[in-house]
Structures are given as structure tokens and as C-alpha cells.
Amino acid sequence: MTKPDRAAKPALSLPTLAGLGAILLWGLLALLTASTAGVPPFLLTALTFAIGGGLGLIVLALRGQLGRLRQPAGAWALGVGGLFGYHAVYFAALKSAPPAEASLIAYLWPLLIVLFSGLLPGEKLGMRPVFGAIAGFAGVLLLALAKGGIGAGAAVPWLGYGLALTCAFLWAGYSVLSRRFAEVPTEAVVGNCLVTALLAGLAHLALEPAGLPQGAGAWMAIVALGLGPVGAAFFLWDIGMKKGDIRFLGTASYAAPVISTLALVAAGRAEAGWPLALACLLIVGGAVIARPR
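Residues numbered from 1 in each chain as written. Predicted model: local features only at pLDDT ≥ 70, side-chain atom pairs only at ≥ 80, totals over all residues. Heavy atoms only, no water.

Engineer: Please clarify how the state of the cysteines should be interpreted in this entry.
Structural biologist: By definition, a disulfide links two cysteine residues through a covalent bond between their sulfur atoms. Per the stated rule, a full pass over the model turns up zero disulfides. The thiol of cysteine 167 is not disulfide-bonded; the next cysteine sulfur, from cysteine 193, is found 18 Å away. (Disulfide = S-S within 2.5 Å.)

The structure is reproduced here in C-alpha cells:
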């Protein structure tokens, strides 16, 4: 008599799928941001985080779950430091170095997530996730080179490069350390978003020319950003980092710039070509290498 087969365990858990949802939403970031041209970055950050956090606050109030906003001081510091700290340093990096080069350096965070995950209790870092993450970064590098954005200048903007690298460490640290606060409900991200919106608003008043976005198109894009890439995405990412496969999500994060480029091509804002196809191959191949068994 043959033994009945055990039910196959799904390769991708629901929390991991939630993390993939965040990556998909981040892939729409460039397209939506392009429709907010002229809106200062800190003002855009303040408005979008206020929308995402405000909507979350309304949902919690209607459910009678405002108590879920309570979290330890360490979790507050990590959440606000990750969300606001990353954006503030990233904007500073873009002002101190060529945007393409700064963005590429900042996008080392998926590889750092893979490496840092090996430091978590009960986690063991193998070579497959590392090779997968390196393949993904190679795909992003290829996209940057194809756009002609990487080149040597007369002077090396070391400050900008250092700030961009700090961005990578900030987001990777925030993501991986979220695992240490797995008992904190994801709804607490609402509070982090609202504090981030407040700090970004103060930074806007101190550092940028005052003013509001002009035109219905810009406001529609801001609302879409607040609901998706700068709203739901952070809640999905929190679930993925706390309960999903961190190494796989780190590698899969390299899909975001490819999704972004594909979205721009579909909208007629960019052209397709062999570098995009090869970048897709490298990034998908990296995700296959690093996939959960």
C-alpha cells in the first residue's frame, strides 16, 4: 500500500507574497512621480505619507483599534528612522551627486538585506541568495549604463556617494531589524507614516520654497502615490520583513526598477531595447536562484 502524499508546502508564503506586492507597487513609483513634476521632494513626501498614514488612521478608528498604534520606543525609532531617515538622506544624496549614480549606489539595499539576514537569530546565509542578489544588482547596473547615466566627472562627488551608501544601509537595516519587532502589529506603521509626514512637512518649510502642487493631474498622482507606493507598500513590506522570506524578498526587490522601466515604456515615457530585456533576464534569474525551496 502506498503512503498518501503529504500536502506540498507552498514555496511562497502569504507574508512573502505581501512583500512581493510592495515591490510591485514600488515599480509604479517613477511613473506616478513623473506626473508630479515641480513638486519639491519633501513636500511630496509629506503629502503622500500623510495620505497613506491618514487613511490608515481612519481605518483603525472605524475598527476601534487605535491601541495598535502603541509600540516600544525602539520600534518607533526604527520605523521613523527608516521611513523619514531614508528619504531625507536620499534627497541629500541626489543634491550632492549625479542622480543616476546616487540612485544606483542607494539600490545596494537589496543585496545588503540578503547579507544582513544572516545575522538574524535562527537564520543561516547560504551562497544561493548572495549569487541571486548579485545577479539582480548586475541587471540594475545594466539599466543604468544603458541610460548613459554613469560616467566619470571632473571631480568625484564623495559626499553624495557616501550619502547614497548611507541610504542603502538605512533601508536594509530598517527592513531586517523589523524582524526583531515581529510582535509589533503592522498597523503601527500608520504612526510611523504620520510622524514621517510631520517631519517631512517641517523639512519642506525649512528647506524648500513654500507652495502647493498645481493642477488636477499632479494631485491625482499624489493621491495615487499615497495610496500605493507610499502607502500600502510600506504595510505590505512590513508584513514581508517580519514574517516572510527576507533573503528572497531582498533579491526580488531588484525587479522594482525593471517594473518601473516597463511601466514607463507602456506609458510612452521610455523606449524598450535589448538592455531592458537582458536586465529582466538577470533579475528574474537571480530571483530563481534565490527562491525558497
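Engineer: Looking at this structure, how should I read the pattern of salt bridges?
Structural biologist: One side chain can pair with another of opposite charge once the charged atoms of both are near each other. Tallied over the entire structure, the rule returns two salt bridges. We note a salt bridge from arginine 68 to glutamate 187, for which the minimum N-O separation is 3.5 Å. In this pair, arginine 68 is assigned in the loop between α3 (41-63) and α4 (73-96) and glutamate 187 in the loop between α8 (158-177) and α9 (189-207), connecting sequence segments 119 residues apart. Given the relative accessible area of 23%, glutamate 187 is considered partly exposed. (Salt bridge = Lys/Arg side-chain N within 4 Å of Asp/Glu carboxyl O. Helix = DSSP H or I, 4+ residues; strand = E, 2+ residues; numbered from the N terminus. Buried < 20%, exposed > 50% of the residue type's maximum accessible area, 1.4 Å probe, protein only.)

Engineer: What am I meant to see in α9 here?
Structural biologist: What sets the pattern is the α-helix's 3.6 residues per turn: residues three or four places apart point alike. In this model, α9 (19 residues) spans 26 Å end to end at C-alpha, consistent with the 27 Å of a helix rising 1.5 Å per residue. The set of residues buried in α9 consists of Val189, Val190, Gly191, Asn192, Cys193, Thr196, Ala197, Ala200, Gly201, Ala203 and His204. Those residues of α9 that are buried are in contact with α3, α4 and α10 (216-243). (Expected span 1.5 Å × (residues − 1). Contact = heavy atoms within 4.5 Å.)

Engineer: Please clarify how a nonpolar patch on the surface should be interpreted in this entry.
Structural biologist: Together, Leu55, Val59, Val223 and Leu227 line one region of the surface with nonpolar side chains, adding up to about 290 Å² of accessible area. Secondary-structure elements contributing two or more residues to the nonpolar patch are α3 and α10. Of note, leucine 227 is situated in helix α10. The exposure class assigned to leucine 227 is partly exposed, which follows from its relative accessible area of 42%. (Patch = residues over 30% accessible without salt bridge, like charges linked within 9 Å, V, L, I, M, F, W, Y side chains within 5 Å. Areas by Shrake-Rupley, 256 points an atom, 1.4 Å probe, with all protein chains shown as cover.)

Engineer: I tried to follow the packing of α4 against helix α5 (residues 99-106) on my own but got confused; where do I start?
Structural biologist: For any two helices packed against each other, the geometry comes down to the angle between their axes and how far apart the axes lie. Direction vectors running N to C along α4 and α5 enclose 145 degrees, while the axes themselves pass 8 Å from each other. In this structure, the crossing between α4 and α5 has a hand that is right-handed. Contacts between α4 and α5 involve Tyr90, Ala93 and Leu94 from the first element and Pro99, Ala102, Ser103 and Ala106 from the second. Of the residues that constitute the contact of α4 with α5, the class distribution is six nonpolar, one polar and no charged. (Axes fitted to C-alpha atoms, helices over the stretch in contact; angles between N-to-C directions. Left-handed = near helix turned anticlockwise from the far one by under 90°. Nonpolar A, V, L, I, M, F, W, Y, C, P; charged D, E, K, R; others polar.)

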